[in-house]
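# Residue-level structural notes
Here is how the chains run, residue by residue.
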Amino acid sequence: MNSYLKLAEKLKKLEGSSGTKVFVIPGNHDIDNPWARGFEGSKQILTDNISPEDFENIYQDYGYKEAISRDESTLSYLVAASDDLWLLMLDTNEYALNSELEMPTPNGVILDETQNWIEKCSQMANENNARIVTVMHHNLLKHSEMRYFGYTLDNYKKIQELYEKLGFDLNLSGHIHAQDIKSYDYENGTIYDVATGTMSAYPARYAVLTYEPNKGFKYDTTSVDVEKWARSTGQDNENLLNFNEYSKGLYAESAYKKAYDRLSNLESYSEEEKMEMAETMAIINTARFGGNTETIKEEVLNSKGYELWVSASDDVPNKDRVMNIVNGNNDSSNINNSDYNNNHLIIPIKK
C-alpha cells in the first residue's frame, strides 16, 4: 500500500503547487492485483494489493470528496470540473475476477446498474446546463480491428448506443498505452474516444483539453519537457539533458529486443534478416505509441525489414501487427493515413 500512499502525496503536492485539480479513476492493475509489486532501489518486491475501499480512502481528496453523485455499484463518480463542464469518471474494471484468474483482468465493462446511474447523471447535467465528458480506463471504441479484445469494453456496442441516446460525444481513455483517436459516426452526430499515450514511454506525452461553451473542445498533446527542467535545475546527467534522444533510443531498444526475441527461434531467417525485421518493428512501435505513424511511411516501406515482413508467412510472430499498421483500413494509426492526426482534435459546439 505504501506505493499508493506515496502517489497520493505526490498528487497533494501537485494540487498545492499549481492549483491543479486532480480527479482519479482506477485502471485494471490498481485494485486486488495479485501481481502487485513494489521497489527497493532497482529490485522488485512483492507487496500488498488494495481493495476498492482502500482505493477510495487513499484517493478521497482527488475526486471522491468532491463528487456530485456516486455510483453504488462501482468506484464511478460525477464531478464538476467547472460550472458548465462535468466529468463522469467511470470505473470499468472487472477486478472481482482477479483472485480467481491470479492476474489483473484486462477486460472492462460498464454494469447495467452503472448505466442506469449514468442516465441520471446526464439528466442532472442537462438541468444545470452542463456538458459531460466521460473518462474511463478502457476504450469505448475499437482502436484496432486486429487487437481490441481486453482493451475495448466488452459491452462497447451497448454503451455506444447509450452515448447516442444521451448525446455524449467525447470519451477519454487509456489502457492501450498508445496515443490514438478513434471516432464513430451515427445519424445525429459523432462519438470520439481519445486514448492518451502513457507518460512512462517515449515521447512522454500528456494531453491538454480546453473547453469553451461557445466553441467546443480542443484537444492537443505535448511532451513533458524533461530537458528544460534538467537545465533549469542544474542537472548534470546527460540522459536528462538529452532526454528526447535518450528516451526514444531506450524505447526503440526495448521494442527491438521484444521483436527479435520472438523471431530468434525461427530457422527460416538468417541472423541478419531477423535483425532487419526487428529494426523495422522497433520503428513502427516507437511511432505507433506516440501517435505518429504517418511520419515513418517512407522509412518503413523502403526498409529491408519490411520486405521480409511482407513475404513472411502469416504465422510469423508480429506479422499481423506490421501489416495492420501499413494496410489496416480501419486503423487510425495506418501509416498511409496522412490526413489523420492522433495528437490533435477539435469538436465544435453542437448547434
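Just so you know, these numbers come straight off a predicted model, no measurement behind them. (Residues numbered from 1 in each chain as written. Predicted model: local features only at pLDDT ≥ 70, side-chain atom pairs only at ≥ 80, totals over all residues. Heavy atoms only, no water.)

Take the side chain of T152 next. Mapping T152 onto the fold places it in the loop between strand 6 (131-136) and helix 6 (156-166). Reaching out from T152, the side chain makes a polar contact with the backbone oxygen of L141 at a distance of 3.4 Å. Discounting residues that sit within four places of it in the chain, T152 has contacts with N139, L140, L141 and K142. (Helix = DSSP H or I, 4+ residues; strand = E, 2+ residues; numbered from the N terminus. Polar contact = N/O pair within 3.5 Å; in protein donor to acceptor, adjacent residues only side chain to side chain. Contact = heavy atoms within 4.5 Å.)

Residue pairs spaced three or four apart in an α-helix point in one direction, given the helix's 3.6 residues per turn. All of the buried residues along helix 13 (residues 319-327) are K319, V322, M323, N324, I325 and V326. Those residues of helix 13 that are buried are in contact with helix 10 (271-290), helix 11 (297-301) and helix 12 (304-311). (Buried < 20%, exposed > 50% of the residue type's maximum accessible area, 1.4 Å probe, protein only.)

So, on to the nonpolar core. Within the largest apolar cluster, 31 residues are counted, with the highest numbers of intra-cluster contacts made by V24, F55 and Y59. Counting 23 residues, the second-largest nonpolar core is a separate cluster that includes L90, L140, L141 and Y163. (Core = buried A, V, L, I, M, F, W, Y, C linked by side-chain atoms within 4.5 Å.)

In the structure shown here, the tally under the stated rule is 8 aromatic pairs. When the ring of Y64 is compared with that of Y77, the centres are 4.6 Å apart and the planes differ by 55°; the resulting orientation is tilted. Of this pair, Y64 sits in helix 3 (residues 60-64) while Y77 sits in strand 4 (residues 77-80), and the two are 13 residues apart along the sequence. Each member of the pair Y64 and Y77 is classed as buried. When the centroid spacing of 5.3 Å and the interplanar angle of 80° are considered together, the rings of Y163 and F168 count as edge-to-face. Judged by relative accessible area, which is 0%, Y163 ranks as buried. Looking at F168, the relative accessible area reads 5%, which means it is buried. (Phe/Tyr/Trp six-rings, centres within 6.5 Å; stacked < 30°, edge-to-face > 60°.)

In space, the 7 strands of this open sheet follow the order 3-4-5-6-7-9-8, with mixed pairing throughout. A single partner strand is all that each edge strand has here, and the edge strands are strand 3 (69-70) and strand 8 (180-186). (Pairing = 2+ DSSP bridges.)

The next thing to look at is the pattern of salt bridges. Tallied over the full model, the rule gives 11 salt bridges. Linking D61 and K65 is a salt bridge whose minimum nitrogen-to-oxygen distance equals 3.2 Å. Judged by its relative accessible area of 57%, K65 is exposed. A salt bridge links R288 to D180; the shortest N-O distance between them is 3.5 Å. Here R288, found in helix 10, pairs with D180, found in strand 8; they are 108 residues apart in sequence, far enough to count as distant. Here the two residues R288 and D180 agree in accessibility, since each one is buried. (Salt bridge = Lys/Arg side-chain N within 4 Å of Asp/Glu carboxyl O.)

A surface patch of nonpolar side chains, amounting to about 330 Å² of accessible area, comprises M199, Y206, V208 and V224. Mapped onto the fold, M199 is located in the loop between strand 9 (189-195) and strand 10 (205-212). (Patch = residues over 30% accessible without salt bridge, like charges linked within 9 Å, V, L, I, M, F, W, Y side chains within 5 Å. Areas by Shrake-Rupley, 256 points an atom, 1.4 Å probe, with all protein chains shown as cover.)

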